[in-house]
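Next come the chains, spelled out residue by residue.
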Amino acid sequence: MSIPWSQTLRALASGTAALLLASCGGHAGSSNHDILITAAKPDRLFVIDAGSRSITHEYRIPGADGWLGGIVLSPDGRIAYVLVNHMESIAGIELSSGKQVFRADLSAPGERVKCLFAFDVSPDGKELVVYENPTQLKADEYVVEEPRFAVFATNAGLEAKAARTYPAPRRVHMILSKQDGKSFYALGFELYEYAFGDGKLLEQRGIRSWDHPGHSIPDLLAVWPVTEGTGEFVTPIYSNATVPGGPAGGVPTTSLMTLDLKNGALTYQDFEPTAALIFSAVGSPVRKEAFGVYSALTKVDTAQGKLAKRVNLDHTYYAVNLSTDGSEVYIGGAMCDVGFYDAITLEKKGNLRLPGCPDQALATLRVIHHP
Amino acid sequence: MKHLLLRCLVLLGPAFALPALAAPPDPSAVRAHCSGCHRESSPGHFDRISDMRKTPEGWEMTLFRMHQVHGVVLDDDARTQVLRYLTSVGGLAPAEAAPARFALERRPNVQDLSLGDEMGVMCGRCHSLARAALQRRDAPEWLKLAHTHVGQWPTLEYQQSGRDRFWWESATKELPAKLAALYPLDTPAWRKWSAGTHASPVGRWLVWGHAPGRGDYHGTAVIAARGTDGYSATYTLTYADGTALNGTSKSVVYTGYEWRGSATLGQDDVREVYALSEDGARLSGRWFVNGHAEVGGDWHAARAEGAPAVFAVLPRALRAGAATEVVVVGRGLGTSPAFGAGVTASAVKALPDGLHATLAVAADAAPGVRPVTAGGARNADAAVVYAKIDRVVIEPQYGIARVGGGKVAPVIGQFEAVGYIDAAGKPGGIALGPLPASWSVAPHDEQAKAAEDVKFTGTMDASGKFLPAVAGPDPQRPFSGNNVGDLAVIGTVKDGDRSVSGKAHLVVTVQRWNTPPIY
């Protein structure tokens, strides 16, 4: 699967541009009461009131060492678990106080452990399952060890040690807890399902071996586990589709993969010959539609399986989320602002520039609904 | 005792076969600075360090890495001693390094080695395959290198062209054996080379070469011993247009043949990456400007003493019906060089590195390769006579330049127009070498036209040198884009009343933030 490279470079290049262009602060334009959570380098965690487009809290995450990535929220919305310290630590920050209430430093003397983006909290909020990639650091040699899942109790405090570990496949990039709390999904070469309790592999299906006739092995790399609005995980997935009379290698095609965390249903839906890169996507809680983001904001009509609308953005964004009522699209990541767009027209409604213009990089943009 | 031995050797062979004054490799610096982590498991055998062989640049990269990642600090003296030791006990034989010397010489726009699709994507997507081809290890050490990669860059398996395959399985189960078969630790070539004595570069040399965008040059070099195993050189060179290209150099010869010099040449501070041939008769390679490795020149040198020999004619291409001033670089050339029927030499003048002559080429002189004879020596294809240029090929056909900005210098794109004549039995025709040309750029395709790449990406000068613009964001471009783009480069050569053009593709792309000695 190849993405038009010069196009990507142009897009990336234009991305940096925005760093220099001061964007205006937003104004209150919505009556919604969503709280947004995002993070930015080197160590900042932001709590944002979506309705007034304003920052209510800005916290410093201890020991981030200049790097942060994915954000997972406790089910009650009280704690944000943030991957920090070059993927070697997870910090649980209480959102009301900014206090660090949980800390798992994954590495130990002689063993460097990186979590490659994949971790999630159990639906009861009591456990955190973390995908670990350990490397043994010998005096004159690195020995890469097999990856593993490590389960931590969320009440284990600031020196949390794994309560149990079990073997994991290589190259997993996302973990998503199933809503019944009995198992979790790991996305990698395949979609794996593991029992929370003993780490037994329950099922393995559909990514490299996807059941999508006429399509090549797909390309999927998602590190934004956004499911809070719908209980469904939606992500772009790329492949070459054989078209009658079409080119020999097939036509580069963008599809949406949807995994329902309530019942495990897995579907694929083509929606366009690849015309734009999409980094991450989110499904709507109120309409049959999904939104994807990168250098453009894309709306997909999931009832019909077709592109509904696309607008160019003034720079690239990696992360996308949706208001609880489905009326507003939030975009973040990559740079230092959060954008607010109308979900129907894709018109820009507002923009919040984070103070000091810090880099949100791969941070997940999260939504907490407060009625 | 030692002196006596030296004197004997001097008497035994021609002057240039004098072995370099290399002391036996001394492991004490490695013992002092490395054995804390790399156990000396048997005398002189340091774990890992003694299990691989590399070029001087390869070892330099290791030392850089030991410093950057593992905090190993070496002062200049220790560094020199460590490098001398490593390159003498763990170097590559000349024949082993030969296929990938282009990477050491930092030649711009060369095709990387081709080791098949799988190896290309597995190992050639981040750096050149030359980097691997310039090392020798057994399978267990190639395996350890895979561990080093993923241990150090854990996202490797997640990147594009990494995640579409079982990278780790392939890198740990299949590739170590394949790499060890291609590039094994123990080879006859290395055994022979490391056991032999090696020629010293000391002496007088005849020099010729070509600097793209600047032209041919020639002259002499004098190399003298400096300290225990270093050399100093003095260059008396001129470009074809008469401009002096004089200079001096300080160098070290590693592994008995790898000349690495730090020189001034004309206005520039340059690095020299040359190889002394196994018999010590030639010194060849490339020099390049510090900080601008893409700018430099080919370098050829042959001993000034020896039997008569014709090395090169500058310029190589002789136009029928015209008079051409040429320099013949060679030894013992006498005063009557011959270029075959229809070519008459006059005003022959001796030069320190050969001779200068005016050649009258008859209008009906037969086109084709010409043997050149002088002083009893013959070079079978030193010159070419042509009546009409049949084709012009722009080299490189596909070039890369990079925008500059901040602390990163732009990477220049240098193009040359190489003329060809058609010839029976020669499918590719006969190359006339780089010819003077006029230069222009145009959009490479519709997208480049729409984005006005010509306007934003840089400028082409009269010598075929493309100077890229400063990196974006450029507010004048859509989306404040970077000043990258796709250009067509057109070079036009005058051939009497006609002109012949060729076209190449130039990609102006983003900066490269690190410049390792081996890409």
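The numbering scheme is per chain: residues are counted from 1 as the chain's sequence reads. Chain A is the first chain written and ligand 1 is the first ligand written, with later ones labelled in order. Note on the predicted model: pLDDT of at least 70 is required for a residue's local features to be given, and 80 or more for side-chain atom pairs to be given and counted; whole-chain, interface and lining totals, by contrast, use all residues. Water and hydrogen atoms play no part in the side-chain values, which are based on all heavy atoms of the structure.

Colleague: I'd love a proper account of the pattern of salt bridges, names of residues and values included.
Modeller: Each salt bridge in this description consists of a side-chain nitrogen of Lys or Arg and a carboxyl oxygen of Asp or Glu lying within 4 Å of one another. On inspection of all chains with the given rule, the structure shows 45 salt bridges over all chains. Across the pair Glu289(A) and Arg287(A) runs a salt bridge, and its minimum N-O distance is 3.0 Å. For every residue, the accessible area (1.4 Å probe, protein chains only) is compared with the maximum for its type, and the residue is labelled buried under 20%, exposed over 50%, or partly exposed between those bounds. The exposure class of Glu289(A) is buried, given its relative accessible area of 10%. Look at the salt bridges and you will find they share partners, linking Glu57(B), Arg101(B), Glu105(B), Arg107(B), Glu258(B), Arg260(B) and Asp298(B) into a network.

Colleague: A description of the state of the cysteines should follow, citing residues and the corresponding values.
Modeller: For the purposes of this analysis, a disulfide is any pair of cysteine sulfur atoms at a distance within 2.5 Å. Following the criterion strictly, the structure yields one disulfide over all chains and no others. A sulfur-sulfur separation of 2.0 Å characterises the disulfide bridge that pairs Cys336(A) with Cys357(A). The sign of the S-S torsion, about -75 degrees, decides the handedness of the disulfide formed by Cys336(A) and Cys357(A): left-handed. Of the two residues, Cys336(A) is situated in the loop between strand 26 (328–332) and strand 27 (337–342) and Cys357(A) in the loop between strand 28 (348–353) and strand 29 (366–369); the sequence distance between them amounts to 21 residues. Judged by its relative accessible area of 16%, Cys357(A) is buried. For the unlinked cysteine Cys123(B), the closest cysteine sulfur is that of Cys126(B), found at 9.3 Å. Strands are runs of DSSP state E lasting at least two residues, helices are runs of H or I lasting at least four, and both sets are numbered from the N terminus onward.

Colleague: Tell me what's going on with the domain arrangement of chain B, and back it up with residues and numbers.
Modeller: All names here are of chain B. With domains assigned, chain B is organised as domain 1 (203–303), domain 2 (312–386) and domain 3 (391–509). Note: domain ranges come from an automatic or database domain assignment. Averaged C-alpha coordinates put domain 2 and domain 3 at centres separated by 33 Å. The interface is formed by nine residues belonging to domain 2 together with seven residues belonging to domain 3. The buried area of a pairing is the accessible area, by a 1.4 Å probe, that goes missing from both parts when the two are put together, added over both. Between domain 2 and domain 3, the buried area comes to about 600 Å², and carbon and sulfur atoms account for 67% of it. For the pair domain 2 and domain 3, the number of links is one salt bridge. Here Arg319 ties to Asp495 by a salt bridge, and the two come within 3.0 Å at their closest N and O atoms. In the analysis that follows, any N or O atom pair within 3.5 Å is treated as a polar contact, provided that within protein one partner can donate a hydrogen and the other can accept it, and provided that, for residues neighboring in sequence, both atoms belong to side chains. Counting across the interface, domain 2 meets domain 3 through one residue pair in polar contact (both at pLDDT 80 or more). Only heavy atoms enter the contact rule, under which two residues are in contact if any of them lie within 4.5 Å.

Colleague: Provide a residue-level description of the confidence of the model for chain B, including the pertinent values.
Modeller: All names here are of chain B. Confidence scores labelled pLDDT are given residue by residue by the predictor and lie between 0 and 100. Confidence along chain B averages 93 in pLDDT terms, with 95% of residues attaining 70 or more. The low-confidence segment residues 1–21 (pLDDT under 50) makes 22 contacts with residues lying over four places distant or belonging to another chain. Reported confidence for the predicted complex is 0.89 by ipTM and 0.91 by pTM.

Colleague: I'd like a description of the sheet that holds strand 16 (residues 343–351) of chain B, backed by residues and values.
Modeller: What holds strands together in a sheet is hydrogen bonding between their backbones, with the strands either parallel or antiparallel. Residue and element names in this part refer to chain B. Taken in spatial order, the four strands of this open sheet run 13-15-17-16, and their pairing is antiparallel. Of all the strands in the sheet, just strand 13 (309–314) and strand 16 have a single pairing partner and so form its edges. For this sheet, the mean angle separating the axes of adjacent strands, direction not counted, is 25 degrees. Strand pairing requires that DSSP identify at least two bridges connecting the strands. Summarising the sheet, strand 15 (residues 323–331) and strand 17 (residues 354–361) pair through seven bridges and their orientation is antiparallel. Convention adopted: a line fitted to C-alpha atoms gives each axis, helices being fitted over their contacting stretch, and angles between N-to-C directions are expressed from 0 to 180 degrees.

Colleague: I'd love a proper account of the interface of chain A and chain B, names of residues and values included.
Modeller: Each partner contributes to the interface: chain A provides 38 residues, whereas chain B provides 36 residues. Counting across the chain A and chain B interface gives three salt bridges. A salt bridge links Arg163(B) to Asp219(A); the shortest N-O distance between them is 2.5 Å. Counting every contact that joins chain A to chain B gives nine residue pairs in polar contact (both at pLDDT 80 or more). No other element matches helix 1 (residues 5–20) of chain A, which puts nine residues into the side of chain A that touches chain B. The classification used treats Ala, Val, Leu, Ile, Met, Phe, Trp, Tyr, Cys and Pro as nonpolar, Asp, Glu, Lys and Arg as charged, and all other residues, Gly among them, as polar. A class-by-class count of the residues in the side of chain A that touches chain B yields 20 nonpolar, eight polar and 10 charged.

Colleague: Run through the nonpolar core, naming residues and quoting values.
Modeller: In globular proteins that are soluble, nonpolar side chains generally tend to be buried together. Within the largest apolar cluster, 65 residues are counted, with the highest numbers of intra-cluster contacts made by Leu36(A), Tyr81(A), Tyr131(A), Phe149(A) and Phe152(A). Excluding its chain neighbours within four sequence positions, the residues that come into contact with Phe152(A) are Phe102(A), Ala104(A), Leu106(A), Lys126(A), Glu127(A), Leu128(A), Val130(A), Glu132(A), Ala160(A), Lys161(A), Ala162(A) and Ala163(A). Think of a nonpolar core as a cluster: buried Ala, Val, Leu, Ile, Met, Phe, Trp, Tyr and Cys residues, connected wherever their side-chain atoms sit within 4.5 Å. Counting 61 residues, the second largest nonpolar core, distinct from the first, contains Leu156(B), Ala263(B), Trp287(B) and Ala301(B).

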